[in-house]
Amino acid sequence: MLALENIHAGYGPIDVLKGITLRVNEGEIVTVLGANGAGKSTTLMTIAGVNPCRQGMITFAGEPIANLPVHEIVRLGISQVPEGRRIFPRLTIRENLELGAFQRNDDIAGDLERALDLFPILRERTGQLGGTLSGGEQQMLAIARALMARPKLLLLDEPSLGLAPLMVVKIFEIIRAINQQGTTILLVEQNANMALHIAQRGYVLETGRIVLEDSAANLINNEQVRKSYLGG
Amino acid sequence: MTGWEVFLQQLIIGLSNGMIIALIALGYTMVYGIIELINFAHGDLFMLGCFAALTVVSLTGDLPVWLVLLLLLVLTPVFCGGLNWLVDRLAYRHLRDATKLAPLVSAIGVSFVFLNLGLFWGGLPLKVFGFGKAAAAPKDFPTLVSNANLLGNSNVEFTTKDLLVLVITVPLMVGLTLFVKQTRAGKAMRAVAQDRLAAQLMGIDANRVIGQTFLLGGGLAGVASVVAALYNNTIYFQMGYRAGMDAFTAAVLGGIGSLPGAVLGGLCIGLARALSDQYIATRWTNVMVFAILILVLVFRPSGLLGAKHREKV
């Protein structure tokens, strides 16, 4: 469904990504693990068209998408829940969700209902401003907002960041549920343990290069992964 | 005229001028809200709008007054909005990811270009500009709306012109508020203003939305041009400087980025000018406006209605 072929991208004179090759098949949850600064977010931002792709090929559903404008890529069916959630703090929850569906004009009401069913906590607060929500609720809103675009592929950047442990478990349950309803997911996480438990496959990123790729089950048992990312 | 009548008269004058300032301030505040650029060319855009309005009048002089007014209120905003959009497209858009100083300095440059364009325009051999007259000389704007007092024989004058200002500006401001609050394009504008990257990730073409903001802000300046020219009956190429400063002060006073703030700030500055003209002295009025600007910046930098952004993280 999504394929990255030898991607180079970065900021200023320095390439943060030095030849990333990865693929995501339809229906999968694929996770990208790595330390701070390994290039995880840069990978997602390059797929989304925010960062220019300097070299290499990105194809989505067979079509090349590298360096298309961001809004075009969203229209093709790739949505991102960015790091830090980035909900619109001074718009209401309903407005946040409506903007998620900006590219569409069919049956937004139905999707709004579905999103609120998935996150009942948002339903009681649709008129409230986004900025008044707690961190976990904002993460839910950010995911719900991305789903409003009816993406074929959902990019998730550190959804567990800064959340209480119980909330992390909840968010991962929701991610799994979204996947089971048919959305393919590419998940970037520092919480390797949680990520590998819901993913089918994973890649390990170190300083802009893929150093390991395998099924999630094998990665959990991999000595190197255990030591570096799972706390021994 | 009793003291109270004088005071009431100054209130009317102040509010009418304040509404005009508010229209210009809205353009400042909208552009600042969306790309954090103080568009220093905005006052001069207003000035060019006045010249465009005078040109429209000169070309349509034989038509009935209502039709001329209608043409003015359509063509001038289209001209100003289009020009503002074009400047964004040609200049600021290329500087989106540059430091904030780059578009700011560009805006000052655009302001000079507009100023000289106004000077050139005023020198065109058109009848309305008075053939032979120096390009820099103030031009008379024909009296299309009468000065008749609507309050009968009262000492206090509320003229047809004051009514015209109200009839044009109030619905426009209500319409703008509804547009920004309710429409898809308005919501996209607020989204881009709050978080451009997040808005792009929602599939919003941020450059397009920013262009629309320039178009709209410029259009409001165009309406202000028509209203101001009809109200004051004189235009000159340096008028954009003071108008721009008043409007900028109004936008900061109300809280830059806030639409109701711009209107409130505009009314405050208009009133302050009128009362200062009457009770202090005309020559101190500009000092008063700048004193207000300084006091606001020192004691309440977020303005009267400006949001202190405190958000949970």
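That block above? That's the structure.
Residues numbered from 1 in each chain as written. Chains lettered and ligands numbered in written order. Predicted model: local features only at pLDDT ≥ 70, side-chain atom pairs only at ≥ 80, totals over all residues. Heavy atoms only, no water.

K.L.:
Which parts of the structure should I look at to understand the overall build of chain B?
P.N.:
The helix and strand tally for chain B stands at eleven helices and two strands. Secondary structure elements of chain B occur, N-terminal to C-terminal, as α-α-α-α-β-α-α-α-α-β-α-α-α. Computed over its C-alpha atoms, the radius of gyration of chain B comes to 20 Å, within 12% of the 20 Å expected for a compact globule of 313 residues. For chain B, the C-alpha atoms occupy an extent of roughly 60 × 45 × 35 Å along the three principal directions. Expressed as a percentage of its 313 residues, the buried residues of chain B come to 50%. In chain B, once contacts between residues fewer than 6 apart in sequence are set aside, the share between residues at least 24 apart is 74%. When the accessible surface of chain B is split by element, carbon and sulfur atoms take 68% of a total near 14,300 Å². Mean positive and mean negative side-chain charge positions of chain B (21 and 14 charges, respectively) differ by 7 Å. (Helix = DSSP H or I, 4+ residues; strand = E, 2+ residues; numbered from the N terminus. Rg over C-alpha atoms; globule rule 2.2 N^0.38 Å. Buried < 20%, exposed > 50% of the residue type's maximum accessible area, 1.4 Å probe, protein only. Contact = heavy atoms within 4.5 Å. Areas by Shrake-Rupley, 256 points an atom, 1.4 Å probe, with all protein chains shown as cover. Lys, Arg positive; Asp, Glu negative; His and termini not counted. Charge placed at Lys NZ, Arg CZ, Asp CG, Glu CD.)

K.L.:
Looking at this structure, how should I read the interface of chain A and chain B?
P.N.:
In many reports, interface size means the accessible area that the parts give up when they come together. On the side of chain B, 21 residues touch chain A, which itself brings 26 residues to the contact. Between chain A and chain B the total buried area reaches about 2,300 Å² when both faces are included, carbon and sulfur atoms providing 60% of it. Of all residues in chain A, Phe88, Arg90 and Phe102 of chain A give up the largest surface area on contact with chain B, accounting jointly for 29% of the area buried on that side. Here chain A and chain B share three salt bridges between them. The residue Lys187 of chain B makes a salt bridge to Glu98 of chain A at a minimum N-O spacing of 2.8 Å. Linking chain A to chain B there are six residue pairs in polar contact (both at pLDDT 80 or more). With four residues, the single largest contributor to the side of chain A that touches chain B is helix α3 (residues 93-100) of chain A. (Buried area = accessible area lost by both parts, 1.4 Å probe. Salt bridge = Lys/Arg side-chain N within 4 Å of Asp/Glu carboxyl O. Polar contact = N/O pair within 3.5 Å; in protein donor to acceptor, adjacent residues only side chain to side chain.)

K.L.:
It is not clear to me how helix α1 (residues 40-47) of chain A should be interpreted in this structure. Could you clarify?
P.N.:
Owing to its 3.6 residues per turn, the α-helix aligns residues three or four sequence positions apart on the same side. Residues and elements named next belong to chain A. Of all eight residues in α1, seven are buried, a share of seventy percent or more. If you check which residues of α1 are buried, you get Lys40, Thr42, Thr43, Leu44, Met45, Thr46 and Ile47. One or two residues past the end of α1 sits Gly49, with phi positive at roughly 90°.

K.L.:
Got a minute to help me understand the sheet that holds strand β10 (residues 209-215) of chain A in this structure?
P.N.:
Pairing between the strands of a sheet is mediated by backbone hydrogen bonds and can be parallel or antiparallel. Residue and element names in this part refer to chain A. The sheet built from six strands is open, its strands ordered β6-β7-β8-β3-β9-β10 with mixed pairing. The two strands at the open ends of the sheet, each matched to only one other strand, are β6 (78-81) and β10. In this sheet, neighbouring strand axes are inclined to one another by 15° on average, regardless of whether the strands run parallel or antiparallel. Here strand β3 (residues 29-34) runs beside strand β8 (residues 184-189); their pairing, made up of five bridges, is parallel. Bridge pairing links Thr31 to Leu187 in β8. Set on the sheet, helix α6 (residues 135-147) makes contact with β6 and β7 (153-157); between it and β6 the angle comes to about 170°. (Pairing = 2+ DSSP bridges. Axes fitted to C-alpha atoms, helices over the stretch in contact; angles between N-to-C directions.)

K.L.:
Sorry, what's going on with a nonpolar patch on the surface here?
P.N.:
A cluster of nonpolar side chains, namely Leu150, Leu163, Leu166, Val167, Val170, Val174 and Leu178 of chain B, defines an oily patch on the protein surface of about 560 Å² accessible area. By the secondary structure assignment, Leu150 of chain B is in the loop between β1 (139-140) and α5 (160-182). (Patch = residues over 30% accessible without salt bridge, like charges linked within 9 Å, V, L, I, M, F, W, Y side chains within 5 Å.)

K.L.:
Quick question: what am I supposed to make of the packing of aromatic side chains here?
P.N.:
Centre distance and the angle of the planes are the two values used to describe a pair of aromatic rings. Going through the model one piece at a time under the given rule, you end up with six aromatic pairs over all chains. Where Tyr92 of chain B meets Phe214 of chain B, the ring centres are 5.6 Å apart and the plane angle is 35°; that geometry is what we call tilted. Taken together, the positions of Tyr92 of chain B in the loop between α3 (65-90) and α4 (101-122) and Phe214 of chain B in helix α8 (residues 206-232) put the pair 122 residues apart, joining distant regions of the chain. Grouping residues by exposure puts Tyr92 of chain B and Phe214 of chain B together as buried. Feature note: the residues Tyr28, Phe40 and Phe248 of chain B constitute an aromatic cluster, connected by ring pairs. It is Arg145 of chain A that lies over the ring of Phe88 of chain A; its NZ or CZ is 4.9 Å from the centre. Above the plane of the ring of Phe102 of chain A lies Arg184 of chain B, whose end atom (NZ or CZ) is 4.1 Å from the centre. (Phe/Tyr/Trp six-rings, centres within 6.5 Å; stacked < 30°, edge-to-face > 60°. Lys NZ or Arg CZ within 6 Å of the ring centre and 35° of its normal.)

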